[in-house]
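# Examining the three-dimensional arrangement
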Amino acid sequence: MKFWAALVFGLMSFHSYAVNQNYIGSTVSTIKEVTSYSEYGDGDVVFKLASPEATCPSGYWLRKTDPGFQANLSMVIAAYQAKTSVMAFGLPDEVWSGSKGKYCRMYAISYR
């Protein structure tokens, strides 16, 4: 019985993980602007790409409480300062409430 319970729980966890992977990749671009907010969202950071993607036209946002915030912020700042091309992956269903523009919550970022 424990085996079946573990199997069902495992499949439910996998399904939850797979469903939450509705991210959209940007075009390869440089980062043209980074803004950090001291209080809004307890320290949210937003950034804009030089060549924005239509699904996330305003850019991407990072939530300070996310486990990968520090690593992602470091990559964003490094890419911005070095003018390195990146590809951002955003969750278009999770729009930042701090702007009228459409900032997608960042899922991942990679150097290109």
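All of the points below concern the structure found in this document. Treat the numbers as computed from the prediction; the structure is a model and nothing was measured. (Residues numbered from 1 in each chain as written. Predicted model: local features only at pLDDT ≥ 70, side-chain atom pairs only at ≥ 80, totals over all residues. Heavy atoms only, no water.)

## Describing the packing of aromatic side chains
Tallied over the entire structure, the rule returns six aromatic pairs. Between the aromatic rings of Tyr23 and Phe89, the centroid separation amounts to 5.8 Å while the plane-to-plane angle is 85°, which identifies the pairing as edge-to-face. With Tyr23 in the loop between α1 (2–19) and β1 (24–25) and Phe89 in strand β5 (residues 86–95), this residue pair connects regions lying 66 residues apart in the sequence. Phe89 gets classed as buried once you look at its relative accessible area, which sits at 17%. (Phe/Tyr/Trp six-rings, centres within 6.5 Å; stacked < 30°, edge-to-face > 60°. Helix = DSSP H or I, 4+ residues; strand = E, 2+ residues; numbered from the N terminus. Buried < 20%, exposed > 50% of the residue type's maximum accessible area, 1.4 Å probe, protein only.)

## Overview of the pairing of strand β4 (residues 59–62)
Two faces make up the sheet, and in a regular strand the side chains alternate between them. Where strand β3 (residues 45–49) lies against β4, three bridges are found, and the strand directions are antiparallel. By the bridge assignment for β4, Val46 is matched with Trp61. Looking at chain direction, β4 and strand β6 (residues 103–111) are connected through three bridges and run parallel. The residue of β6 that forms the bridge with Gly59 is Tyr103. (Pairing = 2+ DSSP bridges.)

## What to know about the state of the cysteines
Under the definition given, this model contains one disulfide. There is a disulfide in this structure between Cys56 and Cys104, and the S-S distance comes to 2.0 Å. Here the disulfide of Cys56 and Cys104 is left-handed, its torsion about the S-S bond being about -100°. Of this pair, Cys56 sits in the loop between β3 and β4 while Cys104 sits in strand β6, and the two are 48 residues apart along the sequence. Judged by relative accessible area, Cys56 falls into the buried class, the value being 1%. Residue Cys104 is classed as buried on the basis of its relative accessible area of 0%. (Disulfide = S-S within 2.5 Å.)

By themselves, these observations are geometric and do not establish any function.
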